[in-house]
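Observations on the three-dimensional arrangement
Each chain is listed here by its residues.
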Amino acid sequence: QVQLVESGGGLVQAGGSLRLSCAGSGRRLSRYVMGWFRQAPGKEREFVAGISWSGGSTDYVDSVKGRFTISRDNANNTVYLQMNSLKPEDTAVYYCAANPTGLMRNNYAYWGQGTQVTVSP
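Definitions and cut-offs
Residues numbered from 1 in each chain as written. Predicted model: local features only at pLDDT ≥ 70, side-chain atom pairs only at ≥ 80, totals over all residues. Heavy atoms only, no water. Core = buried A, V, L, I, M, F, W, Y, C linked by side-chain atoms within 4.5 Å. Buried < 20%, exposed > 50% of the residue type's maximum accessible area, 1.4 Å probe, protein only. Helix = DSSP H or I, 4+ residues; strand = E, 2+ residues; numbered from the N terminus. Pairing = 2+ DSSP bridges.

1. Looking at the nonpolar core
The biggest cluster of nonpolar side chains holds 29 residues, and the ones touching the most others in it are M34, W36, L81, M83 and Y94. Residue assignment for this core shows that the elements contributing at least two residues are β3 (18-25), β4 (33-39), β5 (46-51), β7 (68-73), β8 (78-83), β9 (92-99) and β11 (115-120). Ranked by residue count, the leading element in this core is β9, at four residues. With six residues, the next largest nonpolar core counts F37, F47, A97 and M104 among its residues.

Below is the structure:
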């Protein structure tokens, strides 16, 4: 079983940037499709971005395309989410997740504890 720990969240002004990190332990993250999800207060958790085992394929929700970039460093067992041009509507708890299947948006089996991202106007 893999354990995931997110870091890098915080408070930033609109237009600013943050980079989230997700460190894996217990198993190599290269065994998994990896994804980032977020949940805002009063809303359901939503898929944000996903990356294939090798990093050669990525997928994003429309609202973050062109602003967020997911990447992975399998040698260091870490996945990243670079978030640029942040908007107040990006405010949420962000979760890293690992998927043992080949699907990019579904069937995530392992989750981190989340990191808060707050974007002020």
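2. Re the pairing of strand β1 (residues 3-7)
Side chains L4 and E6 project from β1 onto a buried face, and the interleaved Q3, V5 and S7 project onto a face without burial. When β1 meets β3, the two strands line up antiparallel, connected through five bridges. Bridging across to β3, Q3 finds its partner in S25.

3. Thoughts on the environment of K43
Residue placement: K43 occurs in the loop between β4 and β5. For K43, a relative accessible area of 57% puts it in the exposed group. Through-space distance from the C-alpha of K43 to that of G112 is 19 Å; in sequence the pair is 69 residues apart.

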